[in-house]
Amino acid sequence: MGACLSPADDSDVSGRRTSAPLFFHPYVKGSQIVMDESHSIASRVATFCNGLVFSNRPVEPYEKVTLKISKEDGKWHGGLRVGFTWEDPSLWEPRELPPFACPNLVNQGKTRACVLPDEYCEEGTIVSYWVDNQGCVFCSINGEPEDILLLDGVLVTSPLWAVMDIYGRTKEVQLLDPSNLPTNNNVHSPLLLAHDDQIESNRHDSHSLLEGPTGDECAVCFGHKANTMMLPCSHANFCACCSLKILKTSGCCPLCRTKVKKILHVSGSAEREGMEDQSDNAKDIQPLR
Ligand SMILES: [Zn+2]
Ligand SMILES: [Zn+2]
């Protein structure tokens with residue numbers, strides 16, 4: 001396991017080099033968590049909660065935290081939660097950690113975290129997530145090129161530690177070195193095949209619109225660049241943060257009132273980043289029993 005986290009392999013999506021390998025924090029962890037010797041595999045022993053883990057060091061904006069969901073416990077609903085905290089976990093007394101990231105730790109005010117959609121929590125799935133310099137958190141699944149917007153509001157002016165809640169259906173996760181993973185730009189993972197028709201039609205529908213109104217100011221905040229496109233209506237007048245707020249509130253495009261199914265993140269270089277509707281996942285999901 002330690003070989004997966006060689007310091008020589010540390011790089012992030014912005015191409016910068018980072019100094020130290022990333023592990024789970026060795027002693028600040030939920031009461032149900034056990035780890036391997038290298039602190040790169042964390043398992044929840046029993047029940048569905050008390051599975052909080054943190055990174056051993058702060059992570060930089062754009063530095064990917066990459067996890068493999070290595071074991072499931074199918075008797076629960078809802079799985080892994082991910083996010084960032086700007087409170088140094090080393091300062092916490094492990095016995096006083098709350099049982100859940102969402103909502104308990106988030107409600108303490110110095111953590112942002114959210115539920116990963118169920119389809120991204122299947123055993124064997126590789127999840128990478130990172131925060132951008134605006135405090136928006138994105139993830140990618142199994143090396144796919146789509147970057148899915150998960151949440152915003154991370155305080156990027158402060159050191160940030162990765163937070164993972166090994167909750168419910170997710171029983172064990174393994175930290176991986178993202179630079180050792182194969183890129184998957186041409187191969188559809190089994191995970192995404194389930195949505196193949198929709199994804200392909202979205203790609204085709206959006207392609208001709210990539211050069212559309214993006215580049216203008218966001219029609220909501222007038223402070224950020226409009227860099228997203230709502231689907232199926234194809235309105236592209238909002239920034240990533242405002243799109244996320246729209247999804248979590250009305251769920252409808254403000255211009256045409258169409259129910260938003262998916263949002264593509266369209267950068268100036270026509271790079272597309274898919275953001276799926278997270279509105280149903282904002283709530284804490286209760287276990288089956
Ligand atoms: Zn905006
Ligand atoms: Zn619209």
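Throughout what follows, the structure given in this document is the object of discussion. If you're wondering where the values come from, they're calculated on a predicted model, not measured in any experiment.

Cut-off values and rules
Residues numbered from 1 in each chain as written. Chains lettered and ligands numbered in written order. Predicted model: local features only at pLDDT ≥ 70, side-chain atom pairs only at ≥ 80, totals over all residues. Heavy atoms only, no water. Buried < 20%, exposed > 50% of the residue type's maximum accessible area, 1.4 Å probe, protein only. Helix = DSSP H or I, 4+ residues; strand = E, 2+ residues; numbered from the N terminus. Pairing = 2+ DSSP bridges. Donors = N, O, S within 2.8 Å, 3.2 Å for Na, K, Ca; no water. Tetrahedral: all angles 85-135°; square planar, octahedral: opposite > 155°, others 65-115°. Phe/Tyr/Trp six-rings, centres within 6.5 Å; stacked < 30°, edge-to-face > 60°. Lys NZ or Arg CZ within 6 Å of the ring centre and 35° of its normal. Core = buried A, V, L, I, M, F, W, Y, C linked by side-chain atoms within 4.5 Å. Salt bridge = Lys/Arg side-chain N within 4 Å of Asp/Glu carboxyl O.

**What to know about the pairing of strand 5 (residues 81–85)**
Consideration 1: The buried fraction of strand 5 is high, at five of five residues.
Consideration 2: Side chains of strand 5 alternate between two faces, with R81, G83 and T85 and V82 and F84 buried alike.
Consideration 3: In terms of strand pairing, strand 5 meets strand 10 (residues 161–165) through five bridges, oriented antiparallel. Residue R81 lies in a different strand from strand 10, and its bridge partner there is D165.

**So, the coordination of the zinc ion (ligand 1)**
Consideration 1: Those donors, C218 (SG), C221 (SG), C239 (SG) and C242 (SG), are the protein atoms that reach the zinc ion (ligand 1), and they lie 2.3 Å from it.
Consideration 2: In this structure C242 comes out as buried when scored by relative accessible area, which is 7%.

**Considering helix 4 (residues 240–248)**
Since the α-helix turns once every 3.6 residues, residues separated by three or four places project in the same direction.
Consideration 1: With seven of nine residues buried, helix 4 lies mostly within the body of the structure.
Consideration 2: A240, C241, C242, S243, L244, I246 and L247 are the residues of helix 4 that are buried.

**Considerations on the coordination of the zinc ion (ligand 2)**
Consideration 1: With distances of 2.0 to 2.3 Å, the protein atoms coordinating the zinc ion (ligand 2) are C233 (SG), H235 (ND1), C253 (SG) and C256 (SG).
Consideration 2: Seen from the zinc ion (ligand 2), its four donor atoms lie at angles of 106 to 111°, and the figure they make is tetrahedral.
Consideration 3: Mapping the donors of the zinc ion (ligand 2) onto the primary sequence yields the spacing C-x1-H-x17-C-x2-C. Of this pair, H235 sits in the loop between strand 12 (228–231) and helix 4 while C256 sits in the loop between helix 4 and strand 13 (262–266), and the two are 21 residues apart along the sequence.
Consideration 4: For H235, a relative accessible area of 26% puts it in the partly exposed group.
Consideration 5: With a relative accessible area of 32%, C256 lands in the partly exposed category.

**Observations regarding the environment of A20**
Consideration 1: Mapping A20 onto the fold places it in the segment before strand 1 (33–35).
Consideration 2: Overall, the relative accessible area of 25% leaves A20 in the partly exposed class.
Consideration 3: For the pair formed by A20 and N56, sequence separation is 36 residues and the distance between their alpha carbons is 9.7 Å.

**Brief notes about the packing of aromatic side chains**
Consideration 1: Counted under the stated rule, the structure contains seven aromatic pairs.
Consideration 2: Judged by centre distance (5.0 Å) and plane angle (50°), the ring pair of F48 and W76 falls under tilted. Here F48, found in the loop between strand 2 (41–44) and strand 3 (52–54), pairs with W76, found in the loop between strand 4 (65–72) and strand 5; they are 28 residues apart in sequence, far enough to count as distant. Each member of the pair, F48 as well as W76, is classed as buried.
Consideration 3: Seen in terms of ring centroids, F48 and Y167 are 6.0 Å apart; in terms of plane orientation they differ by 85°. Their pairing is edge-to-face. Of the two residues, F48 sits in the loop between strand 2 and strand 3 while Y167 sits in the loop between strand 10 and strand 11 (170–176), which places them 119 residues apart along the sequence.
Consideration 4: F48 gets classed as buried once you look at its relative accessible area, which sits at 16%.
Consideration 5: Overall, Y167 belongs to the buried group, its relative accessible area being 0%.
Consideration 6: Here the guanidinium or amino end of K64 rests over the ring plane of W130, the centre of that ring lying 4.9 Å away.

**As for the nonpolar core**
Consideration 1: By size, the foremost hydrophobic cluster in this structure holds 34 residues, and its most contacted members are F24, V65, L67, L80, F84, Y129 and M164.
Consideration 2: Mapped by element, the contributors of at least two residues to this core are strand 1, strand 4, strand 5, strand 7 (126–131), strand 8 (137–141), strand 9 (148–151), strand 10 and strand 11.
Consideration 3: Counting residues in each nonpolar core, the second largest holds 17 residues, with C218, A240, L244 and I246 among its members.

**Focus: the pattern of salt bridges**
Consideration 1: The final tally for this structure, using the stated rule, is six salt bridges.
Consideration 2: Ionic pairing is found between R57 and E63, a salt bridge with its closest N-O pair at 2.7 Å. For the pair R57 and E63, one class covers both residues: buried.
Consideration 3: K75 serves as the salt-bridge partner of D73, at 3.2 Å between the closest nitrogen and oxygen.

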